[in-house]
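Letter by letter, the chains look like this.
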Amino acid sequence: MPQQPIELILTRQWASYLAVPVWLMSENGHLVYYNEPAEAVLGRRFDEAGEMPAEELATIFQTTSEDGSRLDSDSLPVNIALLERRPAHLRHRFRALDGQWRLVDVSAFPIEGQGGRHLGAVAIFWEVEPGAEG
Amino acid sequence: MDVTLWGTRGSLAAPGPETAGYGGNTSCVEVRGAEGQLLILDAGTGIRPLSATLDPELRRVDILLTHLHMDHIQGLGFFAGLYKPGLEVHVWGPPSTTLHLRDRLARYLSPPLFPVQMRDLPSRLTLHDVPLSDFEIEGMAVRASLVCHPGPTVGYRINENGKSAVYLPDHEPALGARRFPEDADWTSGFDLAQGADILIHDTQYTPGEYVDHIGWGHSSLPDAVAFAEKVAAKKMVTFHHDPQHDDAILARMVEDVRRATKLPFSVIGGTEGATFAL
């Protein structure tokens, strides 16, 4: 596997020290890392889950709006950060890897490197209420 | 391709009898191509003695800066090629989102810090934002990649005739790593240095010193050796010696690391004037 850009390497290292859940995506939309606090929100250890390709993320993590209605994937903060290269924030629900639905606040921002390189996106999750059985 | 070390010291020049063996000049390495092409890696104070060896018939020289910390550019104004009318001098440096390379270098190469302005130099000076990718200089394949060091900093890989020289004078790949070295894809500088025939790498600190300098952008010698092993370098040269380290300390550091581990490559103490033929 080719080496990640230094900006992603440093972001991953930074995230690994934080107590807030952080999720890191590469430029092509693959979920390449989430930290230990995010494991509690996403429902599985990263070492077990591993990297996830972009095309599978929508099926792995089902999402709805806060009131449970359908949510277009283009309106998810992480996709806005990745595709539109701007920061975004949204409260929504998603089904985690342990099968539980969780209500979360998500803030995401793009990773823009020197020389105009778009390298990926970072999302920070805040769980609003404890998970309920799905 | 021949690689010659003209300045091996980091941070600050450290001349004197106690450093005469490894040298006191700051970072500068000459890479000479098979056709006589001249690439100069960094313009520390070592570029001044290099200047004295310039061929009068030379028509082009390329200076590749890893970053603009003073120990890597301090010699630039004393590079004789800049004062040679008609000589093509190309200076490459890492890009910035705010200022062109010329404006950043001009902060040093202008009064009151330096008496000569860049625009008054008689050589044909061209400044380039270095591409963060593969490119070519006079038939030599060059790759630049951003690496872990405070501020935009690149390392260089130069390939010619199937041989590769990699230059990472300021590099802290262990920064923040839970277990170093990490997997290859999460290791700063891995792609650049993989399989290098010669790896010139930052070895500023002893392990004890590194503990007090985490995040300063430099490596301990054992971390550098672990990195060299990870990338399967064929030969590693120690570099960017701390100005506080005299010849005896530097020799002992290299001996200690050689004794501690049986390595599949050689670790060579980087001394000013050493040449490696690839």
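Residues numbered from 1 in each chain as written. Chains lettered and ligands numbered in written order. Predicted model: local features only at pLDDT ≥ 70, side-chain atom pairs only at ≥ 80, totals over all residues.

Chemist: Tell me about the overall build of chain B, residues and numbers included.
Modeler: When its secondary structure is counted, chain B shows 7 helices and 14 strands. Against the compact-globule benchmark of 19 Å for 278 residues, chain B has a radius of gyration of 18 Å, which places it among compact chains. Oriented by its inertia axes, the alpha-carbon framework of chain B measures out at about 50 × 40 × 35 Å. Per-residue burial for chain B yields a buried fraction of 48% across its 278 residues. (Helix = DSSP H or I, 4+ residues; strand = E, 2+ residues; numbered from the N terminus. Rg over C-alpha atoms; globule rule 2.2 N^0.38 Å. Buried ≥ 20, exposed ≤ 12 C-beta atoms within 10 Å, placed from the backbone.)

Chemist: Which residues make up the interface of chain A and chain B, and what values go with them?
Modeler: Between chain A and chain B, the residue contacts involve 13 residues of the former and 20 residues of the latter. Of the residues that constitute the side of chain A that touches chain B, the class distribution is 6 nonpolar, 6 polar and 1 charged. (Contact = placed C-beta atoms within 7 Å. Nonpolar A, V, L, I, M, F, W, Y, C, P; charged D, E, K, R; others polar.)

Chemist: Provide a residue-level description of the nonpolar core, including the pertinent values.
Modeler: Formed by 101 residues in total, the largest nonpolar core has its most connected members in Leu24 of chain A together with Ile40, Ala165 and Leu199 of chain B. Ignoring sequence-local partners within four residues, the contact set of Ile40 of chain B consists of Cys28, Glu30, Ile47, Leu50, Val61, Ile63 and Leu64 of chain B. (Core = buried A, V, L, I, M, F, W, Y, C linked by C-beta atoms within 7 Å.)

Chemist: Run through the sheet that holds strand S1 (residues 2-7) of chain B, naming residues and quoting values.
Modeler: Residue and element names in this part refer to chain B. Spatially, 7 strands are ordered S6-S5-S4-S3-S2-S1-S14 in an open sheet, and the strand pairing comes out mixed. A single partner strand is all that each edge strand has here, and the edge strands are strand S6 (124-129) and strand S14 (275-277). In this sheet, adjacent strand axes meet at a mean angle of 20° when their direction is disregarded. (Pairing = 2+ DSSP bridges. Axes fitted to C-alpha atoms, helices over the stretch in contact; angles between N-to-C directions.)

Chemist: Account for the pairing of strand S8 (residues 140-146) of chain B, with residues named and values stated.
Modeler: Residues and elements named next belong to chain B. Taking burial as the measure, the 7 residues of S8 include 5 buried ones, the bulk of the element. Summarising the sheet, strand S7 (residues 134-137) and S8 pair through 4 bridges and their orientation is antiparallel. In the sheet register, Phe135 faces S8, and the bridge partner there is Val142. Turn length for the S7-S8 hairpin, with the two strands adjacent in sequence and antiparallel, is 2 residues, and the turn residue Glu138 shows positive phi of about 50°. In terms of strand pairing, S8 meets strand S9 (residues 154-160) through 6 bridges, oriented antiparallel. Within the sheet, the bridge partner assigned to Leu146 lies in S9 and is Val154.

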